[in-house]
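Close look at the chain arrangement
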Amino acid sequence: MQKISIIGAGMTGATTALWLAERELADLVLVDVVEGMPQGKGLDMLETMPIIGRDVEIVGSNDYAATGDSDIIIITAGLPRKPGMSRDDLLSANADVVGKAATETLKYSPDAIYVVLTNPLDTMAYLTLKLNKLPRERVIGQAGVLDSARMRAFVAHEAGVSVENIQCYVLGGHGDEMVPLTRHSNVAGIALRDYLPADKLEAIVNRTRKGGGEIVNLLKSGSAYYAPSAAVAQMSEAILKDKHLILPCSAYMQGEYGLNDIFFGVPVMLGRGGMEKIIEYELDADEKVAFAKSAAAVKETHEALKKLVKI
Ligand SMILES: NC(=O)c1ccc[n+]([C@@H]2O[C@H](COP(=O)([O-])OP(=O)(O)OC[C@H]3O[C@@H](n4cnc5c(N)ncnc54)[C@H](O)[C@@H]3O)[C@@H](O)[C@H]2O)c1
């Protein structure tokens, strides 16, 4: 059986474990700093397996040694947003947590592929890549699957069409400047721009950009975790099953889209090698402007990180 370790057994980490167990993809390890909590959640999930008929080992631990020989390390440890906070406000609090999670796990799983969720997402993925000095194929950030799913849900609702017929591509940084691509997104092959009236589409684009904040404001404490964890489960399955599935994810740019040395949301191909390929869309003038604005925001957070951590 393959093995996935999840660092941070909070709302997102624990729900990720449940989605993964349901897929019977890999044995699972939950690690958290809170004593007893990952052990308790792990045991509760292990006792769920006979009911749902899945043969998966699940353990919780406070010790990184338990993550040894993982195929995938998922990092979702750290603080979530509170109402009124941007993802970037989490930078200094989460840089320490993610830095430690990245370096400690690599000692025990030198060949693992990293999937990062902790916010600010693009910059935490950047930190993981730089601290661990990994090839870019082995560090992927989760953002685009979630942001695109939010847009797909809103479009499905508005159009009265099955979510299965709706493809959306939300690219760029995982912040307020993210780029929902209405020209590439479609309903059963018909471009969204042609399917929905402009005002409805604009409202969907705006709601998508603020989708995470909408949930933070409703929950009052904590942020979304059902859709984010489903997203990381889909990514993990694509990797372990070597599916060559193209999904929007945050990847390290080396010249693609004219960008260098930043993590940025783009369509990537996921397979057993991790981030195997970046797909480059032809962008029109407006899309190029939106990409540049989003990239500038991500770059700014990367620069702020470099003032905090030597990388
Ligand atoms: N990229 C995305 O789309 C996305 C989606 C959801 C959440 N997130 C981010 O993921 C993070 C976690 O969110 P959550 O809702 O699960 O929060 P949460 O508070 O429920 O869980 C976070 C967990 O991290 C643990 N933790 C803290 N420091 C740790 C350390 N040094 N080592 C191990 N564990 C540690 C905490 O004890 C807690 O259990 C946040 O930064 C959030 O913004 C990102």
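As the structure is a prediction and not an experimental result, all values here were calculated from the model.

Regarding the overall build of the protein
Looking only at helices and strands, the protein features 11 helices and 12 strands. Here the C-alpha radius of gyration of the protein, 19 Å, is about what a compact globule of 311 residues would show, namely 19 Å. For the protein, the spread of C-alpha atoms along the principal axes amounts to about 50 × 45 × 40 Å. Here the protein holds 311 residues, and 54% of them are scored as buried. Excluding contacts between residues fewer than 6 apart, the proportion of contacts in the protein whose partners are at least 24 apart in sequence is 70%.

Quick notes on the sheet that holds strand E7 (residues 166-171)
Through backbone hydrogen bonds, the strands of a sheet pair up, either in parallel or in antiparallel fashion. Ordered by their spatial adjacency, three strands build an open sheet running E7-E8-E9, and the pairing between neighbours is antiparallel. Strand pairing shows two members of the sheet lacking a second neighbour, E7 and strand E9 (190-191), which therefore form its edges. Note that E7 and strand E8 (residues 179-187) share five bridges and pair antiparallel. Note on E8: the bridge partner recorded for Tyr 169 is Leu 181. Across the sheet, helix H6 (residues 144-159) lies against E7 and E8, angled at about 135 degrees from E7, the strand it touches most. Its contacts with the sheet put helix H11 (residues 285-308) on E7 and E8, and the angle it makes with E8 is roughly 135 degrees.

Quick notes on the packing of helix H4 (residues 91-108) against helix H5 (residues 121-132)
Packing of H4 against H5 brings their axes to within 9 Å, and their N-to-C directions diverge by 40 degrees. It follows that H4 is oblique to H5 by the angle criterion. In this structure, the crossing between H4 and H5 has a hand that is right-handed. Taking contact as the criterion, the partners of Leu 91, Asn 94, Ala 95, Val 98, Gly 99, Ala 102, Thr 103 and Leu 106 in H4 are, on H5, Thr 123, Met 124, Leu 127, Thr 128, Leu 131 and Asn 132. Class assignment of the residues belonging to the contact of H4 with H5 gives a composition of eight nonpolar, six polar and no charged.

Points about the pattern of salt bridges
Applying the stated rule across the entire model yields 15 salt bridges. Of the charged contacts in the structure, one is a salt bridge between Asp 71 and Arg 272, with a shortest N-O distance of 2.9 Å. Taken together, the residues span a long stretch of sequence, with Asp 71 in the loop between strand E3 (58-61) and strand E4 (72-75) and Arg 272 in the loop between strand E11 (260-271) and strand E12 (274-278) at a distance of 201 residues. Between Arg 183 and Glu 287 there is a salt bridge whose closest N-O contact spans 2.7 Å. Here the residue Arg 183 occupies a position in strand E8, and Glu 287 occupies one in helix H11, the gap between them amounting to 104 residues. A cluster of three or more residues bridged by salt bridges with shared partners is formed by Lys 130, Asp 261, Glu 303 and Lys 306.

Side note on the site of the ligand
Near the ligand, the surroundings consist of 26 residues, among which Met 11, Thr 12, Asp 32, Leu 79 and Leu 117 are the closest. Within the side chain of Asp 32, one N or O atom sits 2.6 Å away from an oxygen atom of the ligand. For the ligand, an oxygen atom lies 3.4 Å from a polar atom in the side chain of His 174. Using a 2 Å cut-off from the grid points, one finds that the ligand occupies the largest pocket. Among the secondary structure elements, those contributing two or more residues to the shell around the ligand are helix H1 (11-22) and H4.

A word on a negative patch on the surface
A surface patch of negative charge is lined by Asp 88, Asp 89, Asp 176 and Glu 300. As for its position among the elements, Asp 89 is in the loop between E4 and H4. On the basis of relative accessibility, which here comes to 46%, the residue Asp 89 falls in the partly exposed class.

Looking at the nonpolar core
Of all hydrophobic cores here, the largest spans 52 residues; its most connected members are Ile 4, Ile 74, Phe 264 and Leu 270. Of the residues forming this core, the biggest block, seven residues, is contributed by helix H10 (residues 226-240). Sequence-distant contacts of Phe 264, that is, excluding residues within four places in its chain, are made with Asp 122, Gly 172, Gly 173, Cys 249, Ser 250, Ala 251, Met 253, Leu 259, Phe 291, Ser 294, Ala 295 and Val 298. Listed in part, the 29 residues of the second largest apolar core include Val 31, Tyr 64, Leu 121 and Met 124.

A few points about the environment of Tyr 281
Structurally, Tyr 281 is set in the loop between E12 and H11. For the pair Tyr 281 and Glu 256, spaced 25 residues apart in the sequence, the C-alpha separation amounts to 9.9 Å. With residues near it in sequence (within four places) discarded, Tyr 281 still touches Tyr 169, Leu 171, Leu 181, His 184, Tyr 257 and Pro 267.

Quick look at the pairing of E11
The element E11 is largely enclosed, with a buried count of 10 among its 12 residues. Where strand E10 (residues 245-254) lies against E11, nine bridges are found, and the strand directions are antiparallel. Counted as the bridge partner of Ile 246 is Met 269 from E11. Joining the antiparallel neighbours E10 and E11 is a turn of five residues, in which Gly 255 adopts a positive phi near 100 degrees. Relative to E12, E11 is paired through four bridges, and the arrangement is antiparallel. In the sheet register, Val 268 faces E12, and the bridge partner there is Ile 278. Joining the antiparallel neighbours E11 and E12 is a turn of two residues.

Basis of the calculations
- Residues numbered from 1 in each chain as written.
- Predicted model: local features only at pLDDT ≥ 70, side-chain atom pairs only at ≥ 80, totals over all residues.
- Heavy atoms only, no water.
- Helix = DSSP H or I, 4+ residues; strand = E, 2+ residues; numbered from the N terminus.
- Rg over C-alpha atoms; globule rule 2.2 N^0.38 Å.
- Buried < 20%, exposed > 50% of the residue type's maximum accessible area, 1.4 Å probe, protein only.
- Contact = heavy atoms within 4.5 Å.
- Pairing = 2+ DSSP bridges.
- Axes fitted to C-alpha atoms, helices over the stretch in contact; angles between N-to-C directions.
- Parallel < 35°, antiparallel > 145°, perpendicular 65-115°, else oblique.
- Left-handed = near helix turned anticlockwise from the far one by under 90°.
- Nonpolar A, V, L, I, M, F, W, Y, C, P; charged D, E, K, R; others polar.
- Salt bridge = Lys/Arg side-chain N within 4 Å of Asp/Glu carboxyl O.
- Near = heavy atom within 4 Å.
- Polar contact = N/O pair within 3.5 Å; in protein donor to acceptor, adjacent residues only side chain to side chain.
- 1 Å grid on protein atoms, 1.4 Å probe; cavity = no way out; pocket = protein on both sides within 12 Å on 5 of 7 lines; lining within 4 Å.
- Sits in = over half its atoms within 2 Å of the grid points.
- Patch = residues over 30% accessible without salt bridge, like charges linked within 9 Å, V, L, I, M, F, W, Y side chains within 5 Å.
- Areas by Shrake-Rupley, 256 points an atom, 1.4 Å probe, with all protein chains shown as cover.
- Lys, Arg positive; Asp, Glu negative; His and termini not counted.
- Charge placed at Lys NZ, Arg CZ, Asp CG, Glu CD.
- Core = buried A, V, L, I, M, F, W, Y, C linked by side-chain atoms within 4.5 Å.

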